[in-house]
Amino acid sequence: MCEILAVTWPEPRPFAAIAPWARALEFYGSGRFGWGVAWTAGGRVRVHKDTGQLADDPAVDGWLGAVESRHFLVHSRRPTLLSTIQLADTQPFLTQDAALAFCHNGLFRERDAYRPQFAGRLRGGADSEIGFCMLTDLIEAGAPAADALAVVAGKLGGNANLGTLDADGAIALFTRHETNRFWTFGAGDARVAATEMHSPDGSLFRLIFPDARDRSLIDGSVLL
């Protein structure tokens, strides 16, 4: 039941500009068991994560709200397994060199088949981290992020919405999710992608983005 929000601006804007969208996505999407945001700054990807709710995180109205970037990737969490509510499983995940952030909504069907392969690198218990390890191996081998996301989804199976943000500000997205579709659209001068809160009745736009234009469902991989 996790949700993903990705935003790009033509010029740097503070996180406070998208916080109301992220807060509403968390509320209506019931993703209240951890949240995080990745952004670009100084040629690196930065991440802030908390095991609680965005709505209760004092950083949002404090230092984080003032952070400016052209690129943000937000994840709000409702894990399939409540035993994985810990910081190690909170997303977005970030590579050690701060070059790439990754987040996932869904459930990887083949997670247990691949868990032993990555066991020595896993810090938490969520299936999403297995996808993160697989993804980083593919990218290190030279695969573009959008292609790597498709491979991860294909190998691990199940419903999945995936997103990455790299140090250059490129946001790659992939979707293969039957019950939580992924949309792109314009909102003001921002380009936005968001999952629809497991509510395929237009509520994403009715409740959060009523003025969204150029609405389009993502089909497979896309760069935002």
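From a predicted model like this one, the values you see are computed outputs, not experimental measurements. (Residues numbered from 1 in each chain as written. Predicted model: local features only at pLDDT ≥ 70, side-chain atom pairs only at ≥ 80, totals over all residues. Heavy atoms only, no water.)

Caption draft 1: How the structure looks around the pattern of salt bridges. The tally for this structure, following the rule as stated, stands at five salt bridges. One salt bridge in this structure joins aspartate 137 and arginine 121, with 3.0 Å as the shortest N-O distance. Taken as a pair, aspartate 137 in helix H3 (residues 127–140) and arginine 121 in the loop between helix H2 (111–118) and H3 lie far apart in primary sequence, 16 residues in all. Since its relative accessible area comes to 40%, arginine 121 is described here as partly exposed. For the salt bridge of arginine 181 with glutamate 196, the shortest nitrogen-to-oxygen distance reads 2.9 Å. Residue arginine 181 is found in the loop between strand E8 (171–176) and strand E9 (182–187), and its partner glutamate 196 is found in the loop between strand E10 (190–195) and helix H5 (203–208); the two are separated by 15 residues along the sequence. (Salt bridge = Lys/Arg side-chain N within 4 Å of Asp/Glu carboxyl O. Helix = DSSP H or I, 4+ residues; strand = E, 2+ residues; numbered from the N terminus. Buried < 20%, exposed > 50% of the residue type's maximum accessible area, 1.4 Å probe, protein only.)

Caption draft 2: Here's a closer look at the packing of aromatic side chains. For the structure shown, the criterion picks out 11 aromatic pairs. The interplanar angle of 55° and the centroid separation of 6.4 Å between the aromatic rings of tryptophan 39 and tryptophan 63 together place this pair among those described as tilted. Of this pair, tryptophan 39 sits in strand E2 (residues 35–41) while tryptophan 63 is found in the loop between strand E3 (44–50) and strand E4 (68–76), placing the two residues 24 residues apart along the sequence. Taking relative accessible area as the criterion, tryptophan 39 reaches 6% and is therefore assigned buried. Plain terms: the ring middles of phenylalanine 185 and phenylalanine 205 are 5.1 Å apart, the flat faces sit at 75° to each other, and that makes the pair edge-to-face. (Phe/Tyr/Trp six-rings, centres within 6.5 Å; stacked < 30°, edge-to-face > 60°.)

Caption draft 3: How the structure looks around the packing of H2 against H3. It is the contact of H2 with H3, at a shortest axis distance of 10 Å, that shows an interaxial angle of 60°. The angle between H2 and H3 falls in the class oblique. The handedness of the crossing between H2 and H3 comes out as left-handed. For the pair formed by H2 and H3, the contact residues are Arg111, Tyr114, Arg115 and Phe118 on the first element and Asp127, Ile130, Cys133, Met134 and Asp137 on the second. Taken together, the residues that form the contact of H2 with H3 break down as five nonpolar, no polar and four charged. (Axes fitted to C-alpha atoms, helices over the stretch in contact; angles between N-to-C directions. Parallel < 35°, antiparallel > 145°, perpendicular 65-115°, else oblique. Left-handed = near helix turned anticlockwise from the far one by under 90°. Contact = heavy atoms within 4.5 Å. Nonpolar A, V, L, I, M, F, W, Y, C, P; charged D, E, K, R; others polar.)

Caption draft 4: Examining the side chain of threonine 136 more closely. As for its placement among the helices and strands, threonine 136 is situated in helix H3. The class of threonine 136 is buried, set by a relative accessible area of 9%. A polar side-chain atom of threonine 136 sits 2.9 Å from the main-chain carbonyl oxygen of cysteine 133. Look past the residues within four positions of threonine 136 in its chain and what remains in contact with it is Thr95 and Arg121. (Polar contact = N/O pair within 3.5 Å; in protein donor to acceptor, adjacent residues only side chain to side chain.)

Caption draft 5: Looking closely at the sheet that holds E8. Across the sheet, which stays open at both edges, the five strands sit in the order E5-E6-E7-E8-E12 with antiparallel pairing between neighbours. Strands with a single pairing partner mark the edges of an open sheet, and in this sheet they are strand E5 (93–94) and strand E12 (220–223). In the sheet, strand E7 (residues 160–166) pairs with E8 via six bridges, with the strands oriented antiparallel. Residue pairing in the sheet places leucine 162 in a bridge with phenylalanine 174 of E8. Against the sheet, H3 engages E5, strand E6 (100–106) and E7, with an angle of about 135° to E6. (Pairing = 2+ DSSP bridges.)

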